[in-house]
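Spelled out from the first residue to the last, the chains are:
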Amino acid sequence: MKVLVTGGLGYIGSHTVVELQLAGYDVVIIDNLSNSTTKVLEGITKITGVTPEFQELDLRCKDKVQYFFEQHQGLDGVVHFAASKAVGESVENPLFYYENNVATLIYVLQELQKLKQQNFIFSSSCTVYGEADKHPIDENSAIKPAQSPYGNTKQIGEEILKDSCKINSNLKTIALRYFNPIGAHDSSNIGELPIGIPQNLVPYITQTAIGQREQLSVFGDDYPTEDGTCVRDYIHVVDVAKAHVVALERLINNEQDSNFDVFNIGTGKGSSVLEVIYSFERVSGQKLNYKIAHRRKGDVVAAFADTSKANSKLGWKAKYTLDDAMSDAWKWEQKLRTK
Ligand code: NAD
Ligand code: WQD
């Protein structure tokens, strides 16, 4: 079985390529290296012993996408990660985000629909729920107006899939709404490679601890949560990766209830910013330099998942703890800096 992974050299994509290979799939990766490097291929090979086929290709080039699919008619599925993901940048440059996240999705789907097997997994996000009315958040929770062009691209992406599935019963799609993926492969051969100053909590913590950043700012301690800091559902990236394998198998085996479906991918457990810091301190054995700062604009108070749908229908459940993920994130950071 052969699977295309777009954005397969990126953070979640590379971990998914590993899990797909370990499950016996042949993988072909498309990536334009805008947020990754070919070094990731070496990391994947070290873990699985197999170098996946790699095509350096920008999905914004419709002709090249068309040509790629003409050359790969026998694909059994597509896992589509390729997109840009910086919320702030999307506010500064919305047209780039709509082109890179929405136009590319359309080009891929247009070509996929010419194939015999039209199995498609889409990277969606808990961002579609915005500030949810109740927790844990299940898949029937309201989709809230997006707070950024980035968030909008995920909502639009889901709508595009839903509408395409309505008129094409051969197309089978699953949107996975990830909560907060963190950590790295426990071999430390692959992990997250944030370019510039990290916007996300965990790479900011590990970069502070390694001396790359001076101090972590905790954005607000006056939220209506137990310790006043925001709550999120942090999930080990390998657990996220494994969810793609089972979702793809559900499509390939024709087990889905409808040809468009969505699943929350989280642990089901909320952790506050301070709890993440304490977890880091526990697993690393060192104190983190942090201060309490103002709230960050646009942050929701809390977001954690009801994962019962994924548990029952996909037979998938996150197995790693927050401490496991923080420990792997820290090992990866140390390896990056000693290279
Ligand atoms: P990433 O930036 O590490 O990976 C994305 C990969 O896609 C990169 O390797 C990049 O070079 C590639 N890419 C981008 N534009 C491309 C294009 N036009 N053509 C070909 N390749 C292109 O990001 P990630 O964290 O692995 O996220 C993967 C997906 O999951 C994205 O769609 C993202 O929006 C979504 N997502 C991520 C998170 C998160 O917290 N990391 C949460 C929810 C959803
Ligand atoms: C987590 C918590 C911050 C940095 C983002 C995207 C979302 C989705 C997941 C893709 C928050 C706090 C952070 C720092 C801090 N991605 N924090 N100091 O905001 O939940 O979601 O990733 O779809 O779209 O917006 O993740 O890691 O940025 O923040 O205190 O230096 O850590 O305020 O409470 P977030 P995050």
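Rules used throughout
Residues numbered from 1 in each chain as written. Chains lettered and ligands numbered in written order. Predicted model: local features only at pLDDT ≥ 70, side-chain atom pairs only at ≥ 80, totals over all residues. Heavy atoms only, no water. Helix = DSSP H or I, 4+ residues; strand = E, 2+ residues; numbered from the N terminus. Buried < 20%, exposed > 50% of the residue type's maximum accessible area, 1.4 Å probe, protein only. Contact = heavy atoms within 4.5 Å. Areas by Shrake-Rupley, 256 points an atom, 1.4 Å probe, with all protein chains shown as cover. Lys, Arg positive; Asp, Glu negative; His and termini not counted. Charge placed at Lys NZ, Arg CZ, Asp CG, Glu CD. Near = heavy atom within 4 Å. Polar contact = N/O pair within 3.5 Å; in protein donor to acceptor, adjacent residues only side chain to side chain. Nonpolar A, V, L, I, M, F, W, Y, C, P; charged D, E, K, R; others polar. UniProt positions renumbered as here; feature names shortened; annotations may be inferred. Pairing = 2+ DSSP bridges. Core = buried A, V, L, I, M, F, W, Y, C linked by side-chain atoms within 4.5 Å.

Draft legend 1. Expanded view of the overall build of the chain. Helix and strand counts for the chain stand at eleven helices and 14 strands. Referenced to the eigenvectors of the C-alpha coordinate spread, the extents of the chain come out at roughly 55 × 45 × 40 Å. Taking all 339 residues of the chain together, 55% fall into the buried category. At a minimum sequence separation of 6, the contacts of the chain that also span at least 24 residues come to 79%. Summed over its atoms, the accessible surface of the chain is roughly 14900 Å², and 48% of this surface lies on carbon and sulfur atoms. Between the averaged position of the 35 positive side-chain charges in the chain and that of its 42 negative side-chain charges there is a distance of 1 Å.

Draft legend 2. How the structure looks around the site of ligand 2. The environment of ligand 2 is formed by 19 residues, the closest being Ser125, Tyr150, Ser217, Arg232 and Asp299. Tyr150 has a polar side-chain atom sitting 2.6 Å from an oxygen atom of ligand 2. Within the backbone of Leu201, an N or O atom sits 2.9 Å from an oxygen atom of ligand 2. Per-class residue counts for the shell around ligand 2 are ten nonpolar, six polar and three charged.

Draft legend 3. Quick look at the site of ligand 1. Around ligand 1 lies a shell of 26 residues, among which Asp31, Asn35, Lys85, Asn100 and Tyr150 are the nearest. Contact distances for ligand 1 include 2.8 Å between an oxygen atom and a side-chain N or O atom of Ser36. In this structure, Tyr150 approaches ligand 1 through a side-chain N or O atom, which is 2.6 Å from an oxygen atom. Every element with two or more residues in the shell around ligand 1 is listed here: α1 (11-22), β5 (118-125) and α6 (149-167). Tallied by class, residues from the shell around ligand 1 come to twelve nonpolar, ten polar and four charged.

Draft legend 4. How the structure looks around the UniProt feature "domain: NAD(P)-binding" (unreviewed entry) in the chain. The sites that UniProt annotates as "domain: NAD(P)-binding" (unreviewed entry) are residues 4-327. Along residues 4-327 the backbone is 39% helical and 18% strand, and the end-to-end C-alpha distance reaches 31 Å.

Draft legend 5. Focus on the sheet that holds strand β14 (residues 302-303). Here three strands make up an open sheet; going across it, the order is β12-β9-β14 and the pairing mixed. Each having just a single partner strand, β12 (271-272) and β14 make up the two edges of the open sheet. Relative to β12, strand β9 (residues 231-232) runs antiparallel, the two being bridged by two bridges. Counterpart to Val231 in the pairing with β12 is Ser272.

Draft legend 6. Geometry of the environment of Ser34. Along the chain, Ser34 falls in the loop between β2 (26-31) and α2 (39-48). Here the alpha-carbon distance between Ser34 and Val238, two residues 204 residues apart in the chain, equals 22 Å. A distance of 2.8 Å separates polar atoms of two side chains, one belonging to Ser34 and the other to Asn32.

Draft legend 7. Spatial organisation of the nonpolar core. With 36 residues, the main nonpolar core has Val5, Leu20, Ile44, Ile121, Leu176 and Ile265 as its most contacted residues. Elements represented by at least two residues in this core include exactly β1 (2-6), α1, β2, α2, β6 (171-178), α8 (237-252), β11 (260-265) and α10 (308-314). Sort the elements by how many residues they give to this core and α8 lands first, with nine residues. Setting aside its immediate chain neighbours within four residues, Ile44 contacts Gly8, Leu9, Ser14, Val17, Val18, Gln21, Ile29, Gly49, Val50, Pro52 and Ile190. Formed by 26 residues, the second largest nonpolar core is a distinct cluster that contains Leu216, Leu274, Phe304 and Met326.

Draft legend 8. The arrangement of the environment of Val301 in detail. Among the structural elements, Val301 can be located in the loop between β13 (290-293) and β14. Measuring from C-alpha to C-alpha, the distance between Val301 and Ser312 comes to 28 Å, with eleven residues separating the pair along the chain. Sequence-distant contacts of Val301, that is, excluding residues within four places in its chain, are made with Glu131, Tyr223, Pro224, Thr225, Cys230, Val231 and Arg232.

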